[in-house]
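# Architecture at a glance
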Amino acid sequence: MPHSLHPGEPSSHSGSHIWHALRSTSPAIIMMLALALGTSGAMFTVLDGFLWRPLPYPHPRQLVLIRERLPRVGLMGHEVSFHAYAALRKGTPFIRSGGTIDMTGGPLTVHGVRHVAFGGFATPSLFRTLAVPPLLGHWLSPASGRPGGPEEAVLGYGFWKSAFAGSPAAIGERFRFNGKRFRVVGVMPRSFFTIYPGADFWIPRVLTPARLRDHNINHMMVARLSPGTSPRELNVWLEGYRNRSLAAESPAQRLRAEQDGFTIDAEPLHKGLLKIFLGGKPVLLFLLALIGLLLPLIAIVNSINLTLVRSRRRATHFAVRRALGATGMNLFQAMLVESLVTLGAVILGSLVISDFGCSLFRTLISSALTGPVSVALPFTIRFGEFSVIYGIGTALLIVTTIQLMALFFSGRESRLGTLVHEAGERGTARAARFMRRGFGAFQVLMATVLVMVGLVIFQSLINILNRPLGFDPRNRVETMVIMPHHISMAHFWTEITPALQHLPGVRHAALGFMVPFNNLMSSHSTIRSPTPPHESLYVRAEKVSRAYFRTLRIPFVAGRNFTRAEERDRATVVILSARLARRLFGTVEAVGHSFRPFGPRSPRATVVGVVGKVSWRATPATNIVGMMYMPLTYPGYKFVAGNVILRLSPGALNHLRMIQRALEGAAPGVAATHLIRLETLIRASDRLFLGITEITSVFALVALFLTIFGVYALTAQTSLNRRQEYAIRTAVGASPTSLNRMAFAEGYWMLALGLSLGVTLALFLTHLLEGVLYGIPGLDWPADVLGILIIVSTVLTASWVPVRNIAQADWSHLLKSGAA
Amino acid sequence: MNATGPVIEVKGLTKVYRTEEVETHALTGIELTIDPGEYIVAMGPSGCGKTTLLSILGLLETPTAGEYRITGTPVETLNAAERARVRNRHIGFVFQAFNLIGDLTVEENVELPLVYRGSIPRAERRDKVRTVLEEVGMGHRLRHYPGQLSGGQQQRVAIARALVGEPSILLADEPTGNLDSKSGEAVMELLAALHEKGATLFMVTHDPHYARFARRIIRLMDGQIVDDAETQEESFSSGLTHP
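Residues numbered from 1 in each chain as written. Chains lettered and ligands numbered in written order. Predicted model: local features only at pLDDT ≥ 70, side-chain atom pairs only at ≥ 80, totals over all residues. Heavy atoms only, no water.

## Structural notes on the overall build of chain A
Across its full length, chain A carries 24 helices and 22 strands. Split into buried and exposed, the 820 residues of chain A put 56% on the buried side. In chain A, 80% of the contacts between residues at least 6 apart in sequence involve partners at least 24 apart. Per element, the accessible surface of chain A, about 34500 Å² overall, is 61% carbon and sulfur. (Helix = DSSP H or I, 4+ residues; strand = E, 2+ residues; numbered from the N terminus. Buried < 20%, exposed > 50% of the residue type's maximum accessible area, 1.4 Å probe, protein only. Contact = heavy atoms within 4.5 Å. Areas by Shrake-Rupley, 256 points an atom, 1.4 Å probe, with all protein chains shown as cover.)

Spelled out as structure tokens, the structure:
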């Protein structure tokens, strides 16, 4: 049987078809498209998970977060007070139902076995609002949320599996938590997510009359809109509600609220969760989308250029085949097989890369967003239908377009093909050259953007890693302790201190509600400035034991530590951060000054010390003015959890489990959990920025590679196309230097245009990213100059290789063979 | 450079092309002297070394061995930049394929050698270009592109380009090869007219019909000059035709 060497011809074997189709398509095109579409597919899968995939609730668009905010103070969270919740849950026609949730956790006993679990205090209405049916049993009953109601609990899927062996008989069983016995009434499905990270169990939030009068803004409230209602309509109503509720307040409180810019509004739950989980930096998603778009664009431009390069040769092949008797159908079949094989290879390659990229990004993003505490994410990032549809769809679109273009440009009668490739004879070669240079400049532009933004982000990471901490994390560990509600922090500390002193390797020990870089626990408060107009300031406020500063080695700028007597006698003394002292009193020498931090009716507090600045997070929060430390016995604040910080001898770091057991043994009923080294905690907090930098760096490198390839291909093609011209110029006396200059001009042109536009765009993007950058001024000269140098050297090197080859051309042969 | 001696002197010129497997002797021991005002035609079968000789004479290639002087100056050891300079000032090329640059106008094509000479003001360059284009009968096509001209017109422009730098010698490689007989005849008459005005010409052709225009014919065979003879005066005017 005759064996055809050409695809698409009737006698060919299918294996031969595929092999020759692969050979006739540039492997470079397949590789570039697969790489670019695969990586961008992974990137868009991430975006799909965050932005487009609906949240796992029925009718998720009806869900909103209600938030009370004091923007002028800096309180810009997603919380409400119980006072507002009480008014809203029954006072608006736009809300069908609403519920609140607060985090709780600690040791609980199931069948006599002690577990440390994290869950939430939820109003029973929260379950009705989220409307996710239980896997077993039912939601918390409305009665459980009323004073004296039944002690009910709903279990999370994971905890039900681990503590109750996944048995349906768990319904009706009881467990002990915080001195109370709760009866399990339901189990929620695995995908159930309740805004707050704890997902082991939910117990009812009992709304006592006193609690319903509480104005503290620190509870998450989810509401479901009435059918047909939009968040905008609700916000109009909430604006009216705000005005009415302020009118009911005293003139002084009304004035205060106006000064602080008090607002209450609703934000779609999806949007709110994005802000919460991205640390208020949704611009990161914009960055991902940009990267996801730029890479395929570079690859497409490269592929088109390569197709143009090959089209003249292909036209010759077509002509030869025609001369040998091939019909139009034969040629069409050949192109079709080539297109299908190319498409298949690109799809396969891109899906494999996309799958790998999704796994990588999921790991990276999960660890970056959740930090040291493992929490569930409401966003699903996985290689799935979206990734496959994206991969196949984009590959189909791009490969088809490129192949059609190849066919079009290869046609002898093609007007555009003639325009581009034979334009020289018609005096329009300049237009063709302009087109090629435009493609080249576009590649340089995109690579410039990616490289420069990547470098600025990298510089930001370097700044983050080198930022002054204000404390010493070495040989320090911290563990979160959760106390039964009847035990105060001060009492716990008094009880446990002797035991801690005898733990092996412990040099110093301290207790504080917060520890730097522990994002799970934070305590913010608005305090009043002592001088008119008595502005409200948003600060971190926390209770600490005396040893806190010594254990973390936080230096005193002025004054002293709390005394033992002050700690014992509930003295109203505070230690301020230097920045807050300056803001309150105009100087760091604030020792001896006094003020009423929590309003005119709160106790007068005296400043006894001023300490240096401490970094609390990877990047500083711009809305927080400073830090106010109070003794454990300071009146008015009650914490049921805290963090024990231990300064250990180096060898003791290997015995953390033993230290944790000893800690729990010293205070029965207390759960010590999340024992972690401070250095690990800091690294985990930096993980988000490291992740962003890693992703951007990888993509910048891929873009750089694609650009090198593209510029090389373009310069090589141009040099090849102009060899005849170079030969002629040589014959009339052009020196090698002048020829090299001419050939390099292609690169210069692309470089000048692409670089100037790219730098402009990169600076604009850097400006947009300012919120996620650390220590980067508006113009980061070192990073920008380095970025420009990288692009310039890359483009010139890529241009130099083909230009160097010009000198090795056989001029005599070229001059003999034909016209330029 | 010596202006009164021979324009070109070649002694023992050899060119060997080497690949990994084959060594090809394109030229062997060529001895050639071209005096000012001569009109020489090199003839011979395909592969005899005509074009290689022309390329070496035009400094587009370097000889493997031998001496080569242009107006008395040795050029075989010049570097690429120096060769370019000599080529620009002493040599004018006319090719079979015209070799005009497609996206330059007629005027710009002809101007090129003067541009590479470097020191000539633009106005002077344009004057020279116009003069030489008038001389070859193409003064009315200054703004045209090569693609808009016939083959014969393109070759006239190519000749103008070769002449504009007032070179010591014109090297022509099958200048009529791509032309019909009428245009070819016209081009040859133009070259002859230039020779009459004193130009030195070295033309490679395999067509004996056009060899009649020359005063001296050298024949090459297997890379060697096998015959070097003056043509008879009457052969020029008698209009010998191809046998």
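We are not done yet, so read on.
## Remarks on the overall build of chain B
When helices and strands are counted, chain B shows eight helices and 10 strands. For chain B, the proportion of its 243 residues judged to be buried stands at 55%. A fraction of 70% describes how many contacts in chain B between residues 6 or more apart in sequence connect residues 24 or more apart. Here chain B has roughly 10500 Å² of accessible surface; of this, 48% comes from carbon and sulfur atoms.

## Some details on helix α8 (residues 251-260) of chain A
Residues and elements named next belong to chain A. Of the residues making up α8, those classed as buried are R256, A257 and D260. When α8 is viewed along its axis, its buried side chains cluster within an angular range of 95 degrees and face the same direction. Along α8, exposed side chains directed more than 90 degrees from the buried face belong to P251 and L255. Where α8 ends, the next residue or the one after it, G261, has phi of about 75 degrees, a positive value. (Arc of directions from axis to C-beta.)

## Comments concerning the sheet that holds strand β1 (residues 8-18) of chain B
All names here are of chain B. One open sheet accounts for four strands, arranged β2-β1-β4-β5; its pairing is antiparallel. Where the open sheet ends on each side, the last strands, each with one partner, are β2 (23-34) and β5 (73-74). Sheet topology places β1 next to strand β4 (residues 65-70); five bridges connect them, and they run antiparallel. The residue of β4 that forms the bridge with E9 is R69. (Pairing = 2+ DSSP bridges.)

## Looking at the sheet that holds strand β8 (residues 201-204) of chain B
All names here are of chain B. Read across the sheet, six strands follow the order β6-β7-β8-β3-β9-β10 without closing on themselves; strand pairing throughout is mixed. Lying at the two open borders of the sheet, with one neighbouring strand each, are β6 (91-95) and β10 (224-230). Put simply, the sheet's adjacent strands are angled 15 degrees from each other on average, direction ignored. Pairing of strand β9 (residues 216-221) with β10 involves six bridges; the strand directions are antiparallel. Counterpart to R216 in the pairing with β10 is E230. (Axes fitted to C-alpha atoms, helices over the stretch in contact; angles between N-to-C directions.)

## Overview of the packing of aromatic side chains
Residue and element names in this part refer to chain A. Across all of its chains, the model carries 21 aromatic pairs over all chains by this definition. With a centroid separation of 6.3 Å and an interplanar angle of 80 degrees, the aromatic rings of F159 and F164 are classed as edge-to-face. The class of F164 is buried, set by a relative accessible area of 5%. Grouped by ring-pair contacts, the aromatic residues Y548, F549, F556, F562 and Y629 constitute a single cluster. Of note, R244 hangs over the ring of W237, and the distance from its end group to the ring centre comes to 5.3 Å. (Phe/Tyr/Trp six-rings, centres within 6.5 Å; stacked < 30°, edge-to-face > 60°. Lys NZ or Arg CZ within 6 Å of the ring centre and 35° of its normal.)

## Focus on the interface of chain A and chain B
Facing 28 residues of chain A, the contacting portion of chain B comprises 28 residues. Both faces considered, chain A and chain B share a buried interface measuring about 2200 Å² in area, 56% of it formed by carbon and sulfur atoms. Inspection of the region where chain A meets chain B yields zero salt bridges. The set of elements that each furnish at least two residues to the side of chain A that touches chain B consists of α14 (429-465), α21 (723-731), α22 (736-768) and α24 (811-817) of chain A. The element best represented in the side of chain A that touches chain B is α21 of chain A, accounting for six residues. Across the side of chain A that touches chain B, the residue classes break down as 11 nonpolar, 10 polar and seven charged. (Buried area = accessible area lost by both parts, 1.4 Å probe. Salt bridge = Lys/Arg side-chain N within 4 Å of Asp/Glu carboxyl O. Nonpolar A, V, L, I, M, F, W, Y, C, P; charged D, E, K, R; others polar.)

## Description of the pairing of β6 of chain B
Residue and element names in this part refer to chain B. With five of its five residues buried, β6 lies for the most part within the structure. The alternating pattern of β6 places I91, F93 and F95 on one face and G92 and V94 on the opposite face, and all of these are buried. Pairing of β6 with strand β7 (residues 169-173) involves five bridges; the strand directions are parallel. By the bridge assignment for β7, G92 is matched with L170.

## Focus on the side chain of R729 of chain A
Relative to the helices and strands, R729 of chain A resides in helix α21. On the accessibility criterion, R729 of chain A (10% relative accessible area) is buried. Polar contacts involving the side chain of R729 of chain A include one to the side chain of Y116 of chain B, which spans 2.9 Å. Apart from residues no more than four positions distant in its own chain, R729 of chain A is found in contact with A734, L739 and M742 of chain A together with I101, L104, L112 and Y116 of chain B. (Polar contact = N/O pair within 3.5 Å; in protein donor to acceptor, adjacent residues only side chain to side chain.)

## Examining the nonpolar core
Residues and elements named next belong to chain A. One finds F50 and I791 to be the most contacted residues of the largest nonpolar core, which totals 107 residues. Considering every element that reaches this core, the biggest residue donor is α14, with 14 residues. In this structure, M483, F562, L653 and A667 belong to the second largest nonpolar core, which totals 61 residues. (Core = buried A, V, L, I, M, F, W, Y, C linked by side-chain atoms within 4.5 Å.)

## Here we look at the pairing of β7 of chain B
All names here are of chain B. Counting buried positions over the five residues of β7 gives five, a clear majority of the element. Residues I169, L171 and D173 point to one face of β7 and L170 and A172 to the other, with burial holding for every one of them. Relative to β8, β7 runs parallel, the two sharing four bridges. Its bridge partner being in β8, D173 is matched across the sheet by V204. Handedness of the crossover is the feature at issue here: the chain leaves β7, passes through helix α6 (residues 181-196), returns alongside β8, and the resulting connection is right-handed. (Right-handed = clockwise from strand over helix to strand, strands pointing away.)

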